[in-house]
Amino acid sequence: MRHLTVGLVLLVLTLSAYRSVWSAGWVYEDRATLTAATESASWARAVSNWTWRMTPTPRAAHLVNLACHLVIAVLLGLLVRRLGLTTLGMWVVVLAWLLHPLTTETVAYVKARSEQLVLIGALLAMIAAAGRWWRPWGLVGMVGGSVLAVGAEPSGVVVVLLVPLVIWYGRHRYWREVPLWAPWWFPAIIAAELILGGILWYGGLRAVVNADTEAGLAVVTAVTWWQWGLAQSGAVWYWCLAVVWPAFVTPDLDVDRLSGLTRGMGVGLMLAGAVIAVRCHRTRPLVTLALLWTLCAIGPRLLVQTPRSYLNAAQFASAFMGVTLLAGVGAEHLRERWTQHITERGV
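Predicted model, so just to flag it, every value in this text is computed and none were measured. In this numbering scheme, every chain counts its residues from 1 along its sequence in written order. Selection of residues for local features in this predicted model requires a pLDDT of at least 70, selection of side-chain atom pairs for listing and counting requires 80 or more, and totals for whole chains, interfaces and linings are taken over all residues. Each side-chain value is worked out from all heavy atoms of the structure, with water and hydrogens disregarded.

Participant: Hey, could you go over the overall build of the protein chain for me, with residue numbers and the actual values?
Facilitator: Looking only at helices and strands, the protein chain features 16 helices and zero strands. Taking 20 Å as the expected radius of gyration for a compact globule of 347 residues, we find that the protein chain reaches 20 Å, a close match to that expectation. Each residue is assigned to one of three classes by its accessible area relative to the maximum for its type, calculated with a 1.4 Å probe on protein chains only: buried under 20%, partly exposed between the two thresholds, exposed over 50%. Per-residue burial for the protein chain yields a buried fraction of 44% across its 347 residues. Whether two residues touch is decided by their heavy atoms; if any such pair falls within 4.5 Å, the residues are in contact. Long-range contacts, defined here as pairs at least 24 residues apart, represent 78% of the contacts in the protein chain between residues at least 6 apart. Of the accessible surface of the protein chain, which amounts to about 18,000 Å², a share of 68% is contributed by carbon and sulfur atoms. Within this scheme the basic residues Lys and Arg register as positive and the acidic residues Asp and Glu register as negative, but His and the chain ends are omitted. Charged side chains are reduced to one point each, which is NZ for Lys, CZ for Arg, CG for Asp and CD for Glu. Here the protein chain carries 26 positive and 16 negative side-chain charges, and the mean point of each set is 10 Å from the other. Helix and strand assignments come from DSSP, with helices taken as H or I runs of at least 4 residues and strands as E runs of at least 2, each series counted from the N terminus. With the radius of gyration taken over C-alpha atoms, the globule rule is written as 2.2 Å times the number of residues to the power 0.38. Here, Shrake-Rupley sampling with a 1.4 Å probe gives the accessible areas, and only protein chains in the shown set may cover a residue.

Laid out in structure tokens, this is it:
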């Protein structure tokens, strides 16, 4: 009963926070996206194109985006519970996802629905991977979720990194039941082969780096990978600041104006996260999982150069889910420390 009450309160708060979307119109590239979806016959973004065609009016489109936002919250809650978070940690994660200003763009910006569908597919695959993944339903869940993620947006390939990560985390939980043909590292090998095969199929690493244009953005603008990666690193630093201080959230971040110091701090932040993840993998594996989740979601954005694709709030959403998991772990740790403190004082 308590869970139902908390869930209803969060639902009411979310609907109240997003009440303005009912009267909102198209913004930014929404109209162009709808037109392109109507005319496109490409397999890329096929799932997203289908949903865009089904919502020709702003109200219907925003309703679907809001529904996706709520579905993501439910799936995220289910996943973190399967990963071992307590009820407190789960509600902290769900609360952060539903009401943090950083996720506003995924609801208010209709074009960002493709990112939402990626998250839904990735979460479904990760939920399947968090259990006895080698069984038929687990394999179906992982494959089905992965197909949904990749069919919604090319960036959905991040699911290929996240699923083996979840399997690694749960490797000790079911070690007595795992068949010999399904060691925890087997999905990682498959993921590496899929990534390598995808790069070769697409035309090589140079073609991937210069995605979405005939000549390639880097060729047209003479931008090297290093310059692109530094610019994206600056955006990473900015959005991480926005997580802590939501006043930084903006729908139109000018990444090119970020200083070299900001970009360097972004690189340093990601390196620090990687180091902490390695150092904590035995003592606090859930912290390692949260940090690597965030880094894996960001990683491809540092490589692939696509037009108008500097990291925005909607694209940071998949990394933000890793941050919410970290917040849930932190809330549990604070409760443990507080309980210990009260016990010691009582003694």
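From this point on, the discussion continues.
Participant: So what's going on with empty space enclosed by the protein? Which residues, and what values?
Facilitator: Grid points spaced at 1 Å and placed over the protein atoms alone form the basis of the search, with a cavity being a set where a 1.4 Å probe fits but cannot get out and a pocket an open set showing protein on both sides within 12 Å along at least five of seven lines. Lining residues have an atom within 4 Å of a point. Grid points are joined across faces, edges and corners, and a volume is the space filled by probe spheres set on the points. One pass over the full model with this rule turns up one cavity of 30 Å³ or more. The space that makes up the largest cavity amounts to roughly 90 Å³. Together, Glu 115, Val 118, Leu 119, Ser 155, Val 158, Ala 297, Pro 300, Arg 301, Ala 314, Gln 315, Ala 317 and Ser 318 line the largest cavity. Of all elements in the fold, only α7 (113-129) and α16 (317-346) reach the threshold of two or more residues within the lining of the largest cavity. Residue contributions to the lining of the largest cavity peak at three residues, all from α7. Asp, Glu, Lys and Arg are counted as charged, while Ala, Val, Leu, Ile, Met, Phe, Trp, Tyr, Cys and Pro are counted as nonpolar; the rest, among them Gly, fall into the polar class. Classifying every residue of the lining of the largest cavity by side-chain character gives seven nonpolar, three polar and two charged.

Participant: How would you sum up unusual backbone geometry? Please name residues and give values.
Facilitator: At Tyr 28, a position not held by glycine, the phi torsion is positive, near 50 degrees. As for its placement among the helices and strands, Tyr 28 is situated in the loop between α1 (2-17) and α2 (30-39).

Participant: Lay out the packing of aromatic side chains in plain terms, naming residues and giving numbers.
Facilitator: Two numbers describe a pair of aromatic rings. These are the distance of the centres and the angle of the planes. Each pair of aromatic rings taken from Phe, Tyr and Trp, with Trp reduced to its six-membered ring, is defined by centres within 6.5 Å and is described as stacked if the planes are under 30 degrees apart, edge-to-face if over 60, and tilted in the remaining cases. Within the structure shown, the criterion is met by six aromatic pairs. On the numbers, 6.3 Å between centres and 35 degrees between planes, the contact of Trp 97 with Phe 320 is tilted. Note that Trp 97 is positioned in helix α5 (residues 87-99) and Phe 320 in helix α16, a separation of 223 residues in sequence. Here Trp 97 matches Phe 320 in class, with each residue buried.

Participant: Explain the packing of α1 against helix α4 (residues 58-83) to me, using residue names and the numbers behind them.
Facilitator: Direction vectors running N to C along α1 and α4 enclose 150 degrees, while the axes themselves pass 12 Å from each other. Viewed along their axes, α1 and α4 adopt a mutual orientation that is roughly antiparallel. In this structure, α1 meets α4 at a crossing whose hand is right-handed. Contact residues: α1 offers Leu 11, Thr 14 and Leu 15, while α4 offers Leu 66, His 69 and Leu 70. Considered class by class, the residues forming the contact of α1 with α4 number four nonpolar, two polar and no charged. Structural elements are reduced to axes, namely lines fitted to C-alpha atoms, with helices fitted over the stretch in contact, and the angle between N-to-C directions of any two is expressed from 0 to 180 degrees. Small angles under 35 degrees read as roughly parallel and large ones over 145 as roughly antiparallel, with 65 to 115 read as roughly perpendicular and the rest as oblique. In this scheme the handedness of a crossing depends on how the near helix is turned from the far one: anticlockwise by less than a right angle means left-handed, clockwise means right-handed.

Participant: Explain helix α8 (residues 136-152) to me, and be specific about the residues and the numbers.
Facilitator: The terminal C-alpha atoms of α8, which comprises 17 residues, lie 24 Å apart, in line with the 24 Å expected from a rise of 1.5 Å per residue. Taken together, the buried positions of α8 are occupied by Gly 138, Met 142, Gly 145, Ala 149, Gly 151 and Ala 152. Tucked into the core, α8 has its buried residues touching α3 (46-53), α7 and α9 (159-169). Every helix has an expected span of 1.5 Å times one less than the residues it contains.

Participant: Residue-level account of the environment of Met 142, with values.
Facilitator: Topologically, Met 142 is positioned in helix α8. The class for Met 142 is buried, based on a relative accessible area of 10%. Taking the C-alpha atoms as reference points, Met 142 and Glu 193, 51 residues apart in sequence, are found 16 Å from one another. Beyond its immediate sequence surroundings of up to four residues, Met 142 is in contact with Ala 125, Ala 128, Ala 129, Trp 133, Val 163 and Ile 167.

Participant: Describe the pattern of salt bridges, with residues and values.
Facilitator: Each reported salt bridge corresponds to a side-chain nitrogen of Lys or Arg within 4 Å of a carboxyl oxygen of Asp or Glu. Inspection of every chain in the model, using the stated rule, returns five salt bridges. Here Arg 45 ties to Glu 153 by a salt bridge, and the two come within 3.1 Å at their closest N and O atoms. Taken as a pair, Arg 45 in the loop between α2 and α3 and Glu 153 in the loop between α8 and α9 lie far apart in primary sequence, 108 residues in all. Arg 45 gets classed as partly exposed once you look at its relative accessible area, which sits at 25%. On the basis of relative accessibility, which here comes to 11%, the residue Glu 153 falls in the buried class.

Participant: Can you break down the packing of α9 against helix α10 (residues 186-202) residue by residue, with the values?
Facilitator: Where α9 contacts α10, the axes come no closer than 9 Å and their chain directions differ by 170 degrees. The pairing of α9 with α10 is recorded here as roughly antiparallel in orientation. Across the interface between the two elements, Val 160, Leu 161, Pro 164 and Ile 167 from α9 touch Pro 187, Ala 188, Ala 191, Leu 194 and Ile 195 from α10. Per-class residue counts for the contact of α9 with α10 are nine nonpolar, no polar and no charged.

Participant: Describe the side chain of Ser 318, naming the residues involved and giving the relevant values.
Facilitator: Structurally, Ser 318 is set in helix α16. Since its relative accessible area comes to 11%, Ser 318 is described here as buried. Apart from the residues within four sequence positions on either side, Ser 318 is in contact with Leu 119, Trp 293 and Ala 297.

Participant: Before we move on, could you go through the nonpolar core and cite the residues and values that matter?
Facilitator: Leu 83, Trp 97, Trp 239, Trp 293, Phe 316 and Leu 325 are the most contacted members of the largest nonpolar core, which totals 78 residues. Counting residues in hydrophobic clusters, the runner-up holds five residues, among them Ala 37, Trp 52, Ala 61 and Val 110. As used in this record, nonpolar core signifies buried Ala, Val, Leu, Ile, Met, Phe, Trp, Tyr and Cys residues forming a set joined through side-chain atoms within 4.5 Å.

Participant: Could you give me a rundown of α9, with the residues and numbers involved?
Facilitator: Burial of α9 is extensive: ten of the eleven residues sit out of reach of the surface. The complete set of buried residues in α9 reads Val 159, Val 160, Leu 162, Val 163, Pro 164, Leu 165, Val 166, Ile 167, Trp 168 and Tyr 169.

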